[in-house]
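# Remarks on the overall topology
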Amino acid sequence: MFPGLEKCPRSLLVCEKSSFEHEKSGLNNHVSKHYFNHKVSLVIPECGSPPPQLASVIQTFSKYFLVKNLPVYEFLEEDFLENVVRHGGLYALSYKTLIDQDNTIALLPNSQLILSVDKDTYEQLGLEGKASQYSHKCPMRYVVTVDLTDKSMAPGGKRYQRVLSSLKDRLPLKSDFLLARHRSDGDRVLQSLLSRYHWKDYSPVVSTHTLRDLSCPSLQSKDLHGDQCSCDPHSFLEWLGAVSNGVSCDNAATDFLSTYVCPEPKTAISQVLHCAVSGFLLPEDIYSLLQELRRYFDEPKFTSWLSLTVHGFMDSPVSWGDREHGFHKGGENFYNVVLFKNQDYWLQMGTGSNDKCPP
Amino acid sequence: MAMFMDLNVSYTTDKKRLQGLIEKAAHRNYILCCFSYVKLIRLPIKVLNRLTIVATDPSHFRPTAVYKAYDLVAVFPKTEKLFHAACMTFDVDIICVAVSEKLPFYFKRSPVNGAIERGVFFELSYTPAIRDSTMRRYTIANAVSLMETCKGKNVIVTSGAERPLELRGPYDIANLGLLFGLSEQDGKAAVSTNCRAVHLHGETRKTALGIIHTMKKDQPLSEGQREVDDPPSKRPKIELS
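Below: a short report on this structure. Everything quoted here is computed from the prediction, not taken from an experiment.

So, about the overall build of chain A. Within chain A, the secondary structure is distributed over eight helices and 15 strands. Relative to the 2.2 N^0.38 estimate, which gives 21 Å for 359 residues, the radius of gyration of chain A is 22 Å and therefore close to what a compact globule would have. Over its C-alpha atoms, taken along the principal directions, chain A stretches across nearly 65 × 60 × 40 Å. Looking at the 359 residues of chain A, the share that counts as buried comes to 51%.

Given below as structure tokens:
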């Protein structure tokens, strides 16, 4: 009767394999272009406690700020624009704004200001933008992109004045913002901006737990698709999700809640370490964590692989680079890196319905 | 997409229950139709007034000035002739579709298309389906019959809730739309974009051509006293507003 009912909302998973030793490895590019990350999950089989070097790298993750009621025009103030934004490397995302209902604002580290606004706000704001790519019959959401490094956006210029007057006088957009910059200590101008508003700094929250006596998939780096010696990527990601959420994969007869099983081929192992870091995490910090994870296999280990999952914000206006991200019934945009003993890696990038294909 | 709205929540004189309903809806990010009370949860929830006319006879629907006092006007036609009249001529925002009984008539393409062209929306309530399994069958059957005719256009899904427990989250209702025959996008639009369109349609009923809005202006006493000295031709005609 309804063929459509059998299908879930569309999702995309792009998998690629390469090696850290390969000169054209695109991993750095993918990690650095995924700007807004809220959680990093580490799964290490046959490990009971976090290795000290790993723990110390996680401790060095950059702090981030939550600023309340920050007007968007502050990003265009001359002093701030010249000394902070133009240098790049500043990440800002509006806090607790839902991408499918509210106005969401983001500042990318390449100095692009993204305003994802609803129809009424767009018509009042008066800035040129494009209709959302995920509109249905008529556009209800518009995306305005302002390149703050462009010549036309020099203070005093016509376009600069127009954008500033729209954001200051015509429709003063305000929001709570999450702000972060890699190594932001002693940044005079950023501190002076923060001092004018109510702000608080936070460090990423780390939580660790060890699971015991469970089955774990066996993976071989050469079999990315899961044809012979590994399981397929979807089943592997489901298993990772079960481990992260503490869902048992026993499929015991008494358990009606979960029928998840560990995908074949599998091995029984005594313990798995699960470490989660959450906050407003920067790609630079994630990359340094990846480099440290490569060194994990310098000493002999029982396991031949470990996995790092990075989750993007569900309500971010962009997924990778400036690819538009939306929320239909889920806002997933994440990537999973599986590191192998032989310095090979798998990169699995996943997005949801209202998303373009990951790079 | 627009924000989520529920355009049909039952009014009750029990203040506590009313407060519970509005709090529950605000908690789930809704704007709803009922009376009084506004509480800040995420954003201030807006409360509108709605009139639903159950029409079994053509004389039941007579647009009077009273209708203008309501933000939204809905009609629940019980016969095919009234359904045709409601779609083509009645000045309403919403046409309710029966969900707790067998449809007394079939939906024909021409009145349904006429309603779509006029910007009138068809409403399906989901609470009867929660309460009773027989009504669930009628709800789905009637909804599917409507979708075959209107192709998923101009449909809103509302609650008709009398108790806070009967309210459901907007994403759940968007999924329920799939059972009714709506597509993924249409289902979400039925609780957000389409409801916004109904709300705007209701506002334009009070205006001229949707762009001219009038309001009564209070005149200060001092101007009236000055009138006595001016000749009649020079007195401002301020009574007309």
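On to the pattern of salt bridges, then. A complete count under the given rule lists 19 salt bridges over all chains for this structure. Note that Arg196 of chain A and Glu74 of chain A form a salt bridge whose closest N and O atoms lie 3.0 Å from each other. With a gap of 122 residues between them, Arg196 of chain A in the loop between α6 (188-195) and β10 (199-202) and Glu74 of chain A in the loop between β3 (64-71) and α3 (78-85) connect regions that are remote in the sequence. Of the residues examined, Glu74 of chain A reaches a relative accessible area of 4% and is grouped as buried. One continuous salt-bridge network, built from bridges that share partners, spans Arg131, Glu162, Arg163 and Glu166 of chain B.

Next up on the list: unusual backbone geometry. Residues and elements named next belong to chain A. Each neighbour pair has its own omega, and for Glu264 with Pro265 the value is -10°, a cis peptide bond. Its location among the elements puts Pro265 in the loop between α7 (233-244) and β12 (266-281). Notably, Glu46 is not glycine yet its phi reads approximately 55°, a positive angle. Structurally, Glu46 is set in the loop between β2 (37-45) and α2 (52-59). Even without being glycine, Asn69 reaches a positive phi, approximately 55°. Positionally, Asn69 belongs in strand β3. With a relative accessible area of 47%, Asn69 lands in the partly exposed category.

Turning our attention to the sheet that holds strand β7 (residues 155-158) of chain B. Residues and elements named next belong to chain B. Ordered by their spatial adjacency, five strands build an open sheet running β3-β4-β5-β6-β7, and the pairing between neighbours is parallel. Pairing within the sheet leaves two strands with one partner each, and these edge strands are β3 (50-55) and β7. The mean inter-strand angle of the sheet, taken between neighbouring strand axes irrespective of direction, is 30°. Across two bridges, strand β4 (residues 72-77) lies against strand β5 (residues 94-96) in parallel orientation. Each bridged residue has a counterpart across the sheet, and for Val75 the counterpart in β5 is Ile95. Along the sheet, helix α6 (residues 133-150) makes contact with β6 (121-125) and β7, crossing β6 at roughly 160°. Against the sheet, helix α9 (residues 193-205) touches β4, β5, β6 and β7, its axis set at about 105° to β4.

Our focus in this paragraph is the interface of chain A and chain B. It is common to give the size of an interface as the accessible area lost on bringing the parts into contact. Across the contact, 18 residues belong to chain A and 22 residues belong to chain B. Of the roughly 1,900 Å² buried at the junction of chain A and chain B (both faces included), carbon and sulfur atoms supply 49%. On the chain A side of the contact with chain B, Gln101, Met140 and Lys329 of chain A bury the most area, a combined 32% of that side's loss. Counting across the chain A and chain B interface gives four salt bridges. Residues Lys137 of chain A and Asp186 of chain B are paired through a salt bridge, measuring 3.4 Å at the closest nitrogen-oxygen approach. Connecting chain A to chain B are 10 residue pairs in polar contact (both at pLDDT 80 or more). Class assignment of the residues belonging to the side of chain A that touches chain B gives a composition of nine nonpolar, three polar and six charged.

Quick look at the environment of Ser278 of chain A now. Position of Ser278 of chain A among the secondary structure elements: in strand β12. Setting aside residues up to four positions removed in sequence, Ser278 of chain A forms contacts with His38, Lys39, Pro204 and Val205 of chain A.

As a further point, take the packing of aromatic side chains. Pairs of aromatic rings are described using the distance from one ring centre to the other and the angle between the two planes. Summed over the entire model, instances satisfying the criterion amount to 23 aromatic pairs over all chains. Relative to Phe107 of chain B, the ring of Phe105 of chain B has its centre 6.0 Å away and its plane inclined at 90°; by these criteria the two rings are edge-to-face. Each of the two residues, Phe105 of chain B as well as Phe107 of chain B, counts as buried. Chaining the aromatic ring pairs together yields one cluster made of Tyr35, Phe36, Tyr64, Tyr91, Tyr202, Phe280 and Phe313 of chain A. Taking the ring centre of Phe76 of chain B as reference, the NZ or CZ of Lys78 of chain B above it sits at 4.2 Å.

All told, the structure shown has zero disulfides over all chains when counted by the stated rule. Distance from the sulfur of Cys138 of chain A, which forms no disulfide, to the nearest cysteine sulfur (Cys195 of chain B) is 14 Å. Judged by relative accessible area, which is 43%, Cys138 of chain A ranks as partly exposed. Cys150 of chain B forms no disulfide, and the closest cysteine sulfur to it belongs to Cys87 of chain B, at a distance of 10 Å.

A few words now on helix α7 (residues 170-180) of chain B. All names here are of chain B. Looking at α7, one finds that the buried residues are Pro170, Ile173, Ala174, Gly177, Leu178 and Phe180. At its buried positions, α7 is contacted by β6, α6, β7 and α8 (184-189). Note on α7: the residue one or two positions beyond its end, Gly181, has a positive phi of about 100°.

Attention now goes to the side chain of Glu166 of chain B. All names here are of chain B. Tracing the backbone through its elements, the reader meets Glu166 in the loop between β7 and α7. A polar contact of 3.1 Å, which involves the side chain of Glu166, links it to the side chain of Arg131. In contact with Glu166, other than residues within four places in its own chain, are Tyr126, Thr127, Ile130, Arg131 and Ala161.

The rules behind the values
- Residues numbered from 1 in each chain as written.
- Chains lettered and ligands numbered in written order.
- Predicted model: local features only at pLDDT ≥ 70, side-chain atom pairs only at ≥ 80, totals over all residues.
- Heavy atoms only, no water.
- Helix = DSSP H or I, 4+ residues; strand = E, 2+ residues; numbered from the N terminus.
- Rg over C-alpha atoms; globule rule 2.2 N^0.38 Å.
- Buried < 20%, exposed > 50% of the residue type's maximum accessible area, 1.4 Å probe, protein only.
- Salt bridge = Lys/Arg side-chain N within 4 Å of Asp/Glu carboxyl O.
- Pairing = 2+ DSSP bridges.
- Axes fitted to C-alpha atoms, helices over the stretch in contact; angles between N-to-C directions.
- Contact = heavy atoms within 4.5 Å.
- Buried area = accessible area lost by both parts, 1.4 Å probe.
- Polar contact = N/O pair within 3.5 Å; in protein donor to acceptor, adjacent residues only side chain to side chain.
- Nonpolar A, V, L, I, M, F, W, Y, C, P; charged D, E, K, R; others polar.
- Phe/Tyr/Trp six-rings, centres within 6.5 Å; stacked < 30°, edge-to-face > 60°.
- Lys NZ or Arg CZ within 6 Å of the ring centre and 35° of its normal.
- Disulfide = S-S within 2.5 Å.

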